[in-house]
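# Structural characterization, general
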Amino acid sequence: MTALNVAVIGAGPAGIYASDILSKSGLDVNIDLFERLPAPYGLVRYGVAPDHPRIKQIIVALYKILQRGDIRLLGNVEIGRDVTIDDLREHYDAVIIATGADRDAPLNIPGVDLPESYGAADFVSWYDGNPDYPRTWPLEAKKIAVVGVGNVALDVARVLAKHAEDMMVTEVPENVAEGLKNNPVTDVHVFGRRGPAQVKFTPLELRELGKVPDVDIIVSEEDFDFDEGSEQALRESNQQRQVVKTLTNYAMADEDEHTASRRIHIHLFQSPAEIVADDQGHVKAIRTERTELTGDGNVRGTGVITTWPVQAVYRAVGYYSSPIPGLPFDTARGVVPNVEGRVVPTPEAGEDEALTGIYATGWIKRGPVGLIGSTKSDAQQTISHLVEDANAGRLHASSNAVGHEAMVNLLNERGVEFTTWEGWELLDEYERALGSEYGELPEGRGVRERVKVVSRRAMTDISRGSDSKPTDLIGQMGEMGVPSAPERFDDYTGPGRSK
C-alpha cells in the first residue's frame, strides 16, 4: 500500500493539531500544511493580543510539532486563488479544511454601520500586524464601548486602555506602537447582556487585566445577581467560580484606590440596543437595555434604557468563518456543513452523502467556540473518520501526480512565491533580531523579544532567503496582488471600508 497524501488547509492550532494527530495515527502518511499568510500559527499570531498571557506557551507547543519536519508547510498560498479545491483533490488523497474564523459575527442593532463602529476582528488584525489590513487605525475617541464578555473583548479593552510604552515588551509591530502612542482614551466600557455567572472570560485573562499599569478596573456591585441557573453553573464550573471571585474583588475595591489615568468599566446585565449618531453622522453614544435573570441563567429586557456617551464602539460578539471556494458553506452557522468532520453537500445532508476525501476541523467545522482543548478533541474526531475511510480504501487522488513534489511543481509553474517551515525559521530569527536591537526598555520594562514584520513582500522575501535586505518592513495592504481585507469582505468595518 502506498503512502497516503493529505493536504491540510490552515496552519493555525486546528490545522497543526489535526496534522499532528494524523501523523501519529498509524497510517503511512505525507502531510502538506497550507497557509494563506506567509507565516504559520493562524489566530495565535494574528488573532490574540500580543500581550495575551498564554500566547507564548501555545506557540511553543505548535512550534515543537512543526519543527519535527514530518509536516511540510506551504505558506503564502491561498486556496481559491493560487490553487483550487480541484487542484488539491487531483494531487492529494484527502483534504482537511482548518481555516478557522476570520470575520466578526454580526450585531444587528440600529447604528451599527456608523463610521466609528468597528468589528473586533478587524481591530485585532490591525494591532497584530496582519498584512492584509490597514497600517493605521483611527484612535481618536476618549470614551469607548466594547460589546462582548469573552476573551477577545478583554483583549480589545486592554489594548485600547494600555499605555503604549507598556506594550513595547511584546512583539507589537512598529506602526501599531506608533499609533497607540497617540491614543487619547480615558475610559473603556465593556458591556455584557448577562450576569457574572454567564460571562465567557477565562480566569487568568480576567486577573491579568487588573495588573495593567495605570489602568483601573471598575465593576459595580449592582451588577451581581444569581438565579438557580447561575448557581448551577457555578456549582459545575470551578473556572466560572474563579471568574465571579475576580469580578467580586474588582467590585469591592475602594473608590479611593481608583487613581489611574485610564479606566476599564465592566457593565453586566446591559444589552446593546442602539449606537447613536451626532448631527454629523458620527458615534456619540451607545444605548443599552437593563436585563434581568429569568431563573435558568438566561435574561430578558426590563425596558430600562441607559445612554452612555462614547465616541467609538467595538463589537466583540463572536467570530464568523469565510467560505472556501469550491466547497459548500452553511451561511446560517458560518461553517462548512459536515457530519463529525466529514464534509457534506448541504447542512441537511447525512453522513451517507459525505464528499469523499474532504474533512473539516476546528472553528470552520463547529463554529467559533471553545479553546485549545476543544480544538484537540475536535481534530481527534475528524482524524478518526479519515483513518477509517483510508483503511476502507476510499481515499484516492484523482491523478497519478500525487503529493508534495507535484504540488511544489504546480506552485512553481504558476509563479506562486510560497514559503516553507525553513523560511519561517528565517523570519522568526529576523524578527527576534529586530527585538534584540532595542536592548533594554526604559524604566525596567524588560526587553523586546521580537518585532513583528508586517509587509507581505518583506515577510516573503525574508522567508525565501532573498539576498536583498528589505527596506520597508511595514508596507501596505494589497502587496503582491493579494486582495486586501476591505476588498475581500463585504462586512469589513475598519479604516478604508467602502461607504
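Look above for the structure.
Now for a look at the structure at hand. None of these values were measured; they are calculated from a predicted model.

With that settled, the discussion passes to the overall build of the protein chain. When you go through the protein chain residue by residue, the secondary structure sums to 17 helices and 18 strands. Relative to the compact-globule value of 23 Å for 499 residues, the protein chain shows a C-alpha radius of gyration of 23 Å, a close match. Each principal axis of the C-alpha distribution contributes one length, and for the protein chain these read about 70 × 55 × 45 Å. Looking at the protein chain as a whole, 56% of its 499 residues qualify as buried. Intrachain contacts of the protein chain at a sequence separation of at least 6 include 74% that bridge at least 24 residues.

What follows deals with helix α6 (residues 151–161). Extensive coverage of α6 is indicated by the burial of 10 of its 11 residues. Every buried residue of α6 is listed here: N151, A153, L154, D155, V156, A157, R158, V159, L160 and A161.

If you add up the space inside the second largest pocket, you get close to 750 Å³. As for the second largest pocket, its lining consists of 29 residues, and the residues nearest its centre are P50, I55, K56, T170 and E449. Only α3 (55–67), α9 (203–209) and α15 (421–436) provide two or more residues apiece to the lining of the second largest pocket. Considering each element in turn, the lining of the second largest pocket owes the most residues, 5 residues, to α3. Classifying every residue of the lining of the second largest pocket by side-chain character gives 12 nonpolar, 2 polar and 15 charged.

Further remarks concern the sheet that holds strand β13 (residues 299–309). Taken together, 3 strands build an open sheet; the order of strands is β11-β12-β13 and the sheet is antiparallel. Two strands close off the open sheet at either side, each with one partner strand: β11 (270–277) and β13. Sheet twist, expressed as the average angle between the axes of neighbouring strands with direction ignored, equals 20°. Summarising the sheet, β11 and strand β12 (residues 283–293) pair through 7 bridges and their orientation is antiparallel. Bridging across to β12, A277 finds its partner in V283.

What follows is about the pattern of salt bridges. Close approach of charged atoms allows side chains of opposite charge to pair. Evaluated as defined, the whole model comprises 39 salt bridges. Taking the shortest distance from any N to any O, the salt bridge between E388 and R342 comes out at 3.5 Å. With E388 in helix α13 (residues 372–391) and R342 in strand β17 (residues 342–343), the pair connects residues that are 46 residues apart, well separated along the chain. We note a salt bridge from E443 to R445, for which the minimum N-O separation is 3.6 Å. Accessibility expressed as a relative area gives 71% for E443, which makes it exposed.

Moving on, we come to the nonpolar core. F123, I264, I266 and Y314 are the most contacted members of the largest nonpolar core, which totals 56 residues. Beyond its immediate chain neighbours, meaning those up to four positions away, Y314 contacts Y118, F123, W137, L139, I144, A145, V146, V147, V156 and L160. Core analysis: the next-biggest nonpolar cluster, separate from the first, contains 45 residues, V29, I55, A94 and Y359 among them.

What the 6 strands build is an open sheet, ordered β6-β14-β7-β8-β10-β9; its pairing is parallel. Each edge of the open sheet is held by one strand with a lone partner, namely β6 (117–119) and β9 (215–219). Strand-to-strand twist across the sheet, computed as the mean angle between neighbouring axes with direction ignored, equals 20°. As defined by bridge partners, strand β7 (residues 143–147) adjoins strand β14 (residues 312–315) across 4 bridges and the pair is classed as parallel. Counted as the bridge partner of V146 is Y314 from β14.

Reading the values: rules and limits
- Residues numbered from 1 in each chain as written.
- Predicted model: local features only at pLDDT ≥ 70, side-chain atom pairs only at ≥ 80, totals over all residues.
- Heavy atoms only, no water.
- Helix = DSSP H or I, 4+ residues; strand = E, 2+ residues; numbered from the N terminus.
- Rg over C-alpha atoms; globule rule 2.2 N^0.38 Å.
- Buried < 20%, exposed > 50% of the residue type's maximum accessible area, 1.4 Å probe, protein only.
- Contact = heavy atoms within 4.5 Å.
- 1 Å grid on protein atoms, 1.4 Å probe; cavity = no way out; pocket = protein on both sides within 12 Å on 5 of 7 lines; lining within 4 Å.
- Points joined across faces, edges and corners; volume = space filled by probe spheres on them.
- Nonpolar A, V, L, I, M, F, W, Y, C, P; charged D, E, K, R; others polar.
- Pairing = 2+ DSSP bridges.
- Axes fitted to C-alpha atoms, helices over the stretch in contact; angles between N-to-C directions.
- Salt bridge = Lys/Arg side-chain N within 4 Å of Asp/Glu carboxyl O.
- Core = buried A, V, L, I, M, F, W, Y, C linked by side-chain atoms within 4.5 Å.

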